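Single-letter residue listing:
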Amino acid sequence: MQEPDMSDPFTPEVIAQIARHMNDDHADDNVLIVRALGGIPSATAARMSGLDADAMEFAAVLDGIEVPVRIPFAERLTERHQVRTEAVRMYRDACAALGVTPTH
């Protein structure tokens, strides 16, 4: 059995913490991101379901069915703190695309 790479900032525990924060504190932002950047303009809900160094993943609700959506980051991430910067960028890009005024 291969030992996990402890230098990887995106361990399952870290991903779960980030997802919990995004889903508990930014559920509306998730929907905007999926609608504007994920190509699902009629999504009624979205929850962050995962991430890796290249993208954030969501489970979006479309016509009552959850569908996977993968939205790439602007660049490959190497450190945990970069996720916040990318999530904010995604949110602001989504607001701009949808004509919504960002609230944060």
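Refer to the structure printed above.
Residues numbered from 1 in each chain as written. Predicted model: local features only at pLDDT ≥ 70, side-chain atom pairs only at ≥ 80, totals over all residues. Heavy atoms only, no water.

### Structural notes on the pairing of strand S1 (residues 45-51)
On a regular strand, each side chain points to the face opposite its neighbour's, so the side chains alternate between the two faces of the sheet. The cut-off we apply is this: Paired strands, as defined in this entry, are two strands with at least two bridges between them according to DSSP. In DSSP terms, a helix is any run of H or I states spanning at least four residues, a strand is any run of E spanning at least two, and both are numbered starting from the N terminus.
Bridge analysis of S1 against strand S2 (residues 55-62) gives six bridges, and the strand direction is antiparallel. Within S2, the residue paired with Gly50 across the bridge is Glu57. Where S1 folds back on S2, the antiparallel hairpin that results is connected by three residues.

### Remarks on helix H2 (residues 27-37)
Note the threshold: Burial classification: accessible surface area is computed with a 1.4 Å probe over protein chains only, and a residue below 20% of its type maximum counts as buried, one above 50% as exposed, and the rest as partly exposed. In what follows, a contact means two residues having at least one pair of non-hydrogen atoms within 4.5 Å.
What H2 keeps buried is the set Asp29, Asn30, Val31, Leu32, Ile33 and Val34. Looking at the packing, one finds that the buried side of H2 touches helix H1 (12-25), S1, S2, strand S3 (65-72) and helix H3 (81-98). Just beyond H2, the residue with positive phi is Gly39, at close to 75°.

Keep in mind that these numbers describe shape and distance, not what the molecule does.
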